[in-house]
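Now for the letters of each chain:
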Amino acid sequence: VALLRTGRPAGMTQAAGALRNMAANPNNRILIAQADGIVPLVELLHTELEEAKTLAAGALRNLAEHNADNKLSIAQANGIPPLVELLHSGSQEAQTHAAAAIWNVTRHEANIATVALAAPVPGLVELLYSGAEEAKAQSAGALWSLAVDTDTSVIIIEAGGIPLLVALISNGGSEAKKNAAGALWNLMFNEVAKKQIEGFGFNRERLERYRD
């Protein structure tokens, strides 16, 4: 963690990569957070070091996996805006890590409003269209979580998310299909979305077969 604060590009990049790998282990997620590793990883997202930013996004993705405290800490460290920026400007790997990190953070209900304020929907919807396969699956997962928010569901509709989610059910892998179906399921609480989704031939029963 101390290497993240050195200001030396090579050391910061190396440290971010090491923390990404370490954070794949649930116990290490706790230790990294206890060592105050989350804030410097977020700060690294603001640098011009592309490889380091990609690795930092991967580390945050792993830190937020199945760890409620870390999900909250990433949001409280203002980690969502730079992750949203990576959706637009990062490499394919960075985009995938950013989408996954956003999804993991939004799996804590207390974070949904905070994430929504960072306006992630346009970037997530764009990845449904142009992203790598894993990025599409992770973006659909993030939209699944965010679609429980009434205002965000409207933004997803207006951004053209529904046809892309429907296409993902048809053309995506198993995880992408499940996540897209979950997002469409939540969107159906909006009457405008419900009619649009039903127009593509999907009802709740059909979505359940993919979602579950």
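Note that this is a predicted model, so its numbers are computed, not measured.

Overview of the overall build of the protein
For step 1, the next point in the chain: Within the protein, the regular secondary structure consists of 15 helices and zero strands.
For step 2, the next point in the chain: Over its C-alpha atoms the protein spans a radius of gyration of 17 Å, differing by no more than 12% from the 17 Å that the globule rule assigns to 212 residues.
For step 3, the next point in the chain: Projected onto its principal axes, the C-alpha coordinates of the protein cover approximately 55 × 30 × 30 Å.
For step 4, the next point in the chain: In the protein, which comprises 212 residues, the proportion classed as buried is 52%.
For step 5, the next point in the chain: Intrachain contacts of the protein at a sequence separation of at least 6 include 66% that bridge at least 24 residues.
For step 6, the next point in the chain: Taken as a whole, the protein presents about 9,500 Å² of accessible surface, with 51% of it coming from carbon and sulfur.
For step 7, the next point in the chain: Averaged over its 17 positive side-chain charges, the protein has a centre that lies 5 Å from the centre of its 22 negative ones.

Side note on the pattern of salt bridges
Pairs can form between side chains of opposite charge once their charged atoms are near each other.
For step 1, the next point in the chain: Considering all chains together, one arrives at six salt bridges under this definition.
For step 2, the next point in the chain: Between Arg20 and Glu93 there is a salt bridge whose closest N-O contact spans 3.7 Å. Within this pair, whereas Arg20 is found in helix α1 (residues 9-22), its partner Glu93 is found in helix α7 (residues 92-106), the two being separated by 73 residues in sequence.
For step 3, the next point in the chain: Given a relative accessible area of 22%, Arg20 falls into the partly exposed group.
For step 4, the next point in the chain: According to the relative accessible area criterion, Glu93 is partly exposed, its value standing at 41%.
For step 5, the next point in the chain: Put simply, Lys136 and Glu133 hold a salt bridge, and the shortest N to O gap is 3.7 Å. Residue Lys136 and its partner Glu133 are both found in helix α10 (residues 133-146); the two are separated by three residues, about one turn of the helix.
For step 6, the next point in the chain: The class for Glu133 is partly exposed, based on a relative accessible area of 49%.

Observations concerning the packing of aromatic side chains
For step 1, the next point in the chain: Under the defined criterion, the tally for this structure stands at one aromatic pair.
For step 2, the next point in the chain: Taking the centre distance of 6.4 Å and the plane angle of 55° together, the rings of Phe202 and Tyr210 count as tilted.
For step 3, the next point in the chain: What makes Tyr210 partly exposed here is its relative accessible area of 30%.
For step 4, the next point in the chain: Against the face of Trp185 rests Arg204, its NZ or CZ located 4.2 Å from the ring centre.
For step 5, the next point in the chain: Stacked on the ring of Phe202, the Lys or Arg Arg206 has its end atom at 4.0 Å from the ring centre.

As for the packing of α10 against helix α13 (residues 174-187)
For step 1, the next point in the chain: The contact between α10 and α13 brings their axes to 8 Å, and the two run at 25°. Between α10 and α13, the interaxial angle falls into the category roughly parallel. Crossing of α10 against α13: the hand is left-handed. Of the residues in α13, those touching α10 at Ala137, Gln138, Ala140, Gly141, Leu143 and Trp144 are Glu175, Ala176, Lys178, Asn179, Ala180, Gly182, Ala183 and Asn186.
For step 2, the next point in the chain: Here the contact of α10 with α13 is composed, by residue class, of seven nonpolar, five polar and two charged.

Points about the side chain of Asn111
For step 1, the next point in the chain: Counting through the fold element by element, Asn111 comes out in the loop between α7 and α8 (112-117).
For step 2, the next point in the chain: Take Asn111: its relative accessible area is 3%, and that puts it in the buried class.
For step 3, the next point in the chain: Setting aside chain neighbours within four positions, we find Asn111 in contact with Lys71, Leu72, Ala75 and Val105.

Each value, and the rule that gives it
- Counting from 1, residues in each chain are numbered in the order their sequence is written.
- A pLDDT threshold of at least 70 governs which residues receive local features in this predicted model, and a stricter bar of 80 or more applies before side-chain atom pairs are shown or counted, although totals over entire chains, interfaces and linings include all residues.
- Side-chain metrics in this entry use all non-hydrogen atoms of the structure; hydrogen atoms and water are not considered.
- Comment: elements are numbered from the N terminus, with helices defined as DSSP H or I runs of at least four residues and strands as E runs of at least two.
- Every radius of gyration here is taken over C-alpha atoms, with the globule rule written as 2.2 Å times N^0.38, N being the number of residues.
- Throughout, exposure labels follow a simple rule: accessible area from a 1.4 Å probe, protein chains only, divided by the maximum for the residue type, with under 20% read as buried, over 50% as exposed, and the rest as partly exposed.
- For this analysis, residues touch if any pair of their heavy atoms sits within 4.5 Å.
- For every accessible area listed, the method is Shrake-Rupley and the probe measures 1.4 Å; residues are considered covered only by the protein chains on display.
- Within this scheme the basic residues Lys and Arg register as positive and the acidic residues Asp and Glu register as negative, but His and the chain ends are omitted.
- Here the site of a charge means atom NZ of a Lys, CZ of an Arg, CG of an Asp or CD of a Glu.
- By definition, a salt bridge exists where a carboxyl oxygen of Asp or Glu is found within 4 Å of a side-chain nitrogen of Lys or Arg.
- When two rings of Phe, Tyr or Trp (its six-membered ring) have centres within 6.5 Å they constitute a pair, described as stacked for plane angles under 30 degrees, edge-to-face for angles over 60, and tilted for the intermediate range.
- Charge-over-ring placement is defined geometrically: NZ (Lys) or CZ (Arg) within 6 Å of the ring centre, and within 35 degrees of the ring normal.
- All axes here are fitted lines through C-alpha atoms, helices being fitted over the stretch that makes contact, and every angle between N-to-C directions spans 0 to 180 degrees.
- The cut-offs work like this: below 35 degrees is roughly parallel, past 145 is roughly antiparallel, 65 to 115 is roughly perpendicular, and the gaps in between are oblique.
- We call a crossing left-handed when the near helix sits turned anticlockwise from the far one by less than a right angle, and right-handed when that turn is clockwise.
- Classification used: nonpolar for Ala, Val, Leu, Ile, Met, Phe, Trp, Tyr, Cys and Pro, charged for Asp, Glu, Lys and Arg, polar for all others including Gly.

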